[in-house]
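Next come the chains, spelled out residue by residue.
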Amino acid sequence: MSTLSAAAAAGDDKKPIKLPISGKRNILITSALPYVNNVPHLGNIIGCVLSADVFARYCRLRGYNAIYVCGTDEYGTATETKALEENCTPKEICDKYHAIHKEVYKWFDINFDEFGRTSTPQQTEVCQDIFTKLMENKWLSENTMQQLYCDTCKRFLADRLVEGSCPTQGCNYDSARGDQCEKCGKLLNPTELIDPKCKVCQNTPRIRDTDHLFLELPLLKDKLVEYINNMSVAGGWTQNAIQATNAWLKEGLRQRCITRDLKWGVPVPHEKYKDKVFYVWFDAPIGYVSITKCYTAEWEKWWKNPENVELYQFMGKDNVPFHTVMFPSTLLGTDQNWTLMKTISVTEYLNYEAGKFSKSKGIGVFGNDAKDTNIPVEVWRYYLLTNRPEISDTLFTWADLQAKLNGELLNNLGNFVNRVLSFIAKDQASGYGSIIPDAPGAESHLLTKTLGDKVGNCVEQYIEAMEKVKLKQGLKLAMSISGEGNAYLQENQFWKLYKEDKASCSIVLRTAAGLVYLLACLLEPFMPSFSAEVLKQLNMPPETQVSLTDEKGDIDRSKRPWEFLPAGHKIGTPSPLFKELSDTDVEFFRQKFAGSQADRIVKAEAEAKLTEQLKKTKVSGYNLKNEFNLSQADRIVKAEAEAKLTEQLKKTKVSDGNVKKERTKKSASENKPKAAAEQEISISRLDIRVGLITKVQKHPDADSLYVEEIDVGEGQPRTVVSGLVKYIPVEEMQNRKVCVLCNLKPATMRGIKSHAMVLAVSNEDHTKVELVDPPQSAPVGERLMFSGFEGNPDDVLNPKKKVWETIQPDLHSNKELIACYKDLPFTTSVGVCKVSSISDGSIR
């Protein structure tokens, strides 16, 4: 699929400057400024810039006068620290990573009106002006504070130059930073850390007095609370934003230090403090203002115009207090007429496979990694947005990405668009010669009228969701229209109508083509490159601006989708919109992105050396993924080289450094499980498969038991007895896919032998029980996978070894309703297994 041109991506082209327009809805959109000391990962991207981009695109779709500004946050300790690591100046670090961020967002089709940076003269001007107003209004105070000083480095240590154990009871994380504990999220002062160390030299610093300036939050509390109480209701703040804000207020507002003993930052315009700079959390939110000032000299028309401008801000949950308490207090303290935030949209964390994304540890998929996979950008955007952690943390897994691409994008959306356009493109003998047919009488065609009512209602719900910044719900509603479209085509059996009732067929095809155009409109905020390609296939000119405005009657027209495209319009050339992601690809990516970035670099360097070595030994056709292309002699050379590589990787302590092993047949003795392996109890010992209940009835001698026949891929079904009668109605059991533990020792239950166990989840007091559901498209008989546990299962679990009893306490449903072993999801080739509603439940 083609993607949008650079002009539609991350702001390289110079667009016309937009200013607020009287009588129009003017919306100013910002996303948390990404810090410039590393490459953004997928969690960062969905948490701020991508979510804001979707909303900004929606606003433009609706005809609102909206601008979206963002940029890199460049001052502070983290930049100085990174500069020390890379042996260069802070400015060089900022230049390097600003360019990387800009390129990543450009690839992700993030359409900023301005993507700037905080290390600009405009930032200094705005920041110092706000500081001066706060001084004049007496909202600042001077105080002496104790700070850690490193005698080795001869400097006061800023927050991020200190690490130690978190003092919070029950946490004790041993790598907490001086400003915040990454594990529990508690904001800290460096002097609170237990056993602090200087990050530069690893020596223990000592406490010294130093003078600083403080923002008097307690004195500003009345103004702040009035703002929060009013705007959190009017702006529909997300619940996590309200909770984080109230937690700060409940704890009691304290003076907040706004200066630091650093060189890299905005200088403090005060004689006594001229050798200090502003604390990054004081100046970073001011970056929204200064970046707008870089966008237009008339920036105050956006930022000092609360009567005519609505400010929407997007961020992750760790940034909330700085935007709902610190930044508003700063602006309120100037006594100027600032545009204060109306709506804040906050995400929880996106976690990666078995753990957390981490910039500092290099864990997860990063922005440049996504591009290198060759998976199209529209797939990445769609997956991240369907997985947007709006209420609780969500989980990225490669299997889930595969399931959503193959099942939702390819089989649902792509299939609908391609079916419609391909049929219209057929020659006149079997189609319409690429011409949209006329459709007289469409309103009186019952199935078409019914479809129109459904679609119109869906579009109204879509707008309601998007206005409330419920992006995931908006995307789900848009995608449901392609589902309705597929059902409409099937119900009408248009391929028969073409031969038997061409007039009705013309109504169906013109209506379906209208739905294709409508989908391009509704999905443009989420997948702009998809929409651009659909418009191309519809032969709409490149300058076509999809819209969904009240003025043009677009929303009302969605009830009559046959009106979107005029009769006689000639479409372009249809082609498939999405490609399938195979199991082999998924496993390749899972292995490629295992471990940390540092591990991957070592592994890549070792593999490069291996490749070079194999070239020297004249191994022909070498390819790590296609070793059977080699001759037997070449394989021997390759195996020797791989053995050396494996040894080298062990020495460098790479966590997952095994090169893909050559698939040679094992001898009978090799296939036997070793005694040592039998002693290790892990999930790989269990044989959990996807099963299909083909028959179910109540046990003849037990009111609480079902007797099921379950197909687990063995030719003959297994008889299974389950105590589920009082929890799940019999009609919900019939023809249902379930997760089945197949290698328990058979047990006789009230006279009937049970040859497996159906897995179910229960709440804490066992009053509610639900089945663990594999994806509907999961193959019957497929064994469930757990990342990192690839061993063969036991033939039959030995009851004396207590294997099941040891593993079962680690089987549970998480907050996202995903079935897990510890933190690893129950995974099939087409996605993860889930439960209906019981979170944090026990699986047995």
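Residues numbered from 1 in each chain as written. Predicted model: local features only at pLDDT ≥ 70, side-chain atom pairs only at ≥ 80, totals over all residues. Heavy atoms only, no water.

Looking up the chain in an unreviewed UniProt entry gives the name methionine--tRNA ligase, with the organism given as Heracleum sosnowskyi. UniProt annotates the chain under Catalytic activity (unreviewed entry) with the comment "tRNA(Met) + L-methionine + ATP = L-methionyl-tRNA(Met) + AMP + diphosphate". (UniProt positions renumbered as here; feature names shortened; annotations may be inferred.)

Engineer: So what's going on with the overall build of the chain? Which residues, and what values?
Structural biologist: Check the secondary structure of the chain and you find 26 helices and 32 strands. Buried residues in the chain amount to 53% of all 844 residues. The long-range share in the chain, meaning contacts at least 24 apart out of those at least 6 apart in sequence, stands at 74%. Carbon and sulfur atoms make up 49% of the accessible area of the chain, which amounts to about 37,400 Å² in all. (Helix = DSSP H or I, 4+ residues; strand = E, 2+ residues; numbered from the N terminus. Buried < 20%, exposed > 50% of the residue type's maximum accessible area, 1.4 Å probe, protein only. Contact = heavy atoms within 4.5 Å. Areas by Shrake-Rupley, 256 points an atom, 1.4 Å probe, with all protein chains shown as cover.)

Engineer: So what's going on with the packing of aromatic side chains? Which residues, and what values?
Structural biologist: Given two aromatic rings, their pairing is described by the distance between the two centres and the angle made by the two planes. If you walk through the whole model with that rule in mind, you get 35 aromatic pairs. Relative to F322, the ring of W281 lies with its centre 3.8 Å away and its plane at 5°, an arrangement referred to as stacked. On the criterion of sequence distance, the pair formed by W281 in helix α7 (residues 280-283) and F322 in helix α10 (residues 320-332) is long-range, its members being 41 residues apart. Here the two residues W281 and F322 agree in accessibility, since each one is buried. Summarising the aromatic geometry, the rings of Y517 and F564 are spaced 5.5 Å apart at their centres and angled 45° between planes, so their arrangement reads as tilted. Of this pair, Y517 sits in helix α17 (residues 502-523) while F564 sits in the loop between α19 (554-557) and α20 (583-592), placing them 47 residues apart in sequence. On the basis of relative accessibility, which here comes to 11%, the residue Y517 falls in the buried class. The exposure class assigned to F564 is buried, which follows from its relative accessible area of 13%. Every member of this aromatic cluster is reached through a ring pair, and the members are Y352, W380, Y383, F396, W398, F588 and F589. Looking at R208, its charged tip hangs above the ring of Y149, at a distance of 4.2 Å from the centre. (Phe/Tyr/Trp six-rings, centres within 6.5 Å; stacked < 30°, edge-to-face > 60°. Lys NZ or Arg CZ within 6 Å of the ring centre and 35° of its normal.)

Engineer: Give me the sheet that holds strand β8 (residues 194-198): which residues, what numbers.
Structural biologist: Taken together, the three strands give an open sheet; going across it, the order is β7-β6-β8, and neighbouring strands pair in antiparallel fashion. Each of the sheet's edge strands pairs with one partner strand only, and the pair in question is β7 (176-177) and β8. Note: strand β6 (residues 162-165) against β8, three bridges, orientation antiparallel. Note that in β8 the partner of E163 across the bridge is K197. (Pairing = 2+ DSSP bridges.)

Engineer: Describe the packing of helix α1 (residues 42-61) against helix α12 (residues 377-386), with residues and values.
Structural biologist: Two numbers describe how α1 lies on α12: the axes approach to 10 Å, and their chain directions differ by 100°. By the angle between their directions, the pair α1 and α12 is classed as roughly perpendicular. Here α1 contributes L42, I45, I46, L50, D53, V54 and R57 to the contact with α12, which in turn contributes W380, R381, L384 and L385. (Axes fitted to C-alpha atoms, helices over the stretch in contact; angles between N-to-C directions. Parallel < 35°, antiparallel > 145°, perpendicular 65-115°, else oblique.)

Engineer: Account for the sheet that holds strand β3 (residues 114-117), with residues named and values stated.
Structural biologist: The parallel open sheet is built from five strands, whose spatial order is β3-β2-β1-β13-β14. The open sheet is flanked by β3 and β14 (341-347), the only strands paired with a single partner. Geometrically, the sheet is characterised by an average inter-axis angle of 20° between neighbouring strands, direction not taken into account. Where strand β2 (residues 65-72) lies against β3, four bridges are found, and the strand directions are parallel.

Engineer: If you had to explain unusual backbone geometry to someone new, which residues and values would you point to?
Structural biologist: A negative phi holds for most residues other than glycine; trans holds for most peptide bonds. Its identity as a non-glycine residue notwithstanding, N87 has a phi of 55°, on the positive side. By the element assignment, N87 lies in the loop between α2 (77-86) and α3 (90-107). The backbone phi angle of Q493 is positive, close to 45°, even though this residue is not glycine. Judged by relative accessible area, which is 32%, Q493 ranks as partly exposed.

Engineer: Explain the nonpolar core to me, and be specific about the residues and the numbers.
Structural biologist: Ranked by internal contacts, the top residues of the largest apolar core, which has 174 residues, are I29, W398 and Y462. A total of 14 residues in this core trace back to one element, the largest contributor, which is α17. Beyond its immediate chain neighbours, meaning those up to four positions away, I29 contacts A52, F55, A56, C59, A66, I67, Y68, V69, Y312 and F314. (Core = buried A, V, L, I, M, F, W, Y, C linked by side-chain atoms within 4.5 Å.)

Engineer: Account for the pattern of salt bridges, with residues named and values stated.
Structural biologist: Counted under the stated rule, the structure contains 52 salt bridges. Salt-bridge contacts for R25 lead to E467; the nearest nitrogen and oxygen are separated by 2.8 Å. Separated by 442 residues along the polypeptide, R25 in the segment before β1 (26-31) and E467 in helix α14 (residues 446-467) bring together distant segments of the chain. Where D261 meets K276, a salt bridge forms, and the shortest distance between an N and an O atom there is 2.5 Å. One end of the pair, D261, is in the loop between β11 (259-260) and β12 (277-278); the other, K276, is in the loop between β11 and β12, and 15 residues separate them in sequence. (Salt bridge = Lys/Arg side-chain N within 4 Å of Asp/Glu carboxyl O.)

Engineer: If you had to explain helix α4 (residues 121-136) to someone new, which residues and values would you point to?
Structural biologist: An α-helical segment advances 3.6 residues per turn. Residues three or four places apart therefore align on the same side. With 16 residues, α4 extends 23 Å from end C-alpha to end C-alpha; this agrees with the ideal 22 Å at 1.5 Å per step. Turning to α4, its buried residues number three or more, namely Q123, T124, V126, C127, I130, F131 and L134. (Expected span 1.5 Å × (residues − 1).)

Engineer: Please set out the pairing of β14 residue by residue, giving values where relevant.
Structural biologist: Counting buried residues along β14, six of its seven residues qualify, which places the element largely inside the surrounding structure. As paired elements, strand β13 (residues 309-316) and β14 share six bridges and run parallel to each other. Pairing of L311 across the sheet is with M341, part of β14. Remark: the β13/α10/β14 crossover connection has right-handed handedness. (Right-handed = clockwise from strand over helix to strand, strands pointing away.)

Engineer: Give me the packing of α4 against helix α8 (residues 286-295): which residues, what numbers.
Structural biologist: The geometry of α4 relative to α8 is characterised by a closest axis approach of 8 Å and an angle of 130° between their N-to-C directions. Overall, the two elements α4 and α8 adopt an arrangement that is oblique. Taken as a pair, α4 and α8 cross one another with a handedness that is right-handed. When α4 is examined against α8, the residues Q122, Q123, E125, V126, C127 and I130 are found in contact with a partner set consisting of I286, G287, V289, S290, K293 and C294. (Left-handed = near helix turned anticlockwise from the far one by under 90°.)

Engineer: Account for helix α18 (residues 528-537), with residues named and values stated.
Structural biologist: Judged by how many residues are buried, α18 sits mostly within the fold: eight of ten residues are covered. Buried residues of α18: P528, S529, F530, S531, E533, V534, L535 and Q537, and no others. Where α18 is buried, its residues contact α1, α12, α13 (398-425) and α17. Phi turns positive one or two residues past the end of α18, at N539, with a value near 65°.

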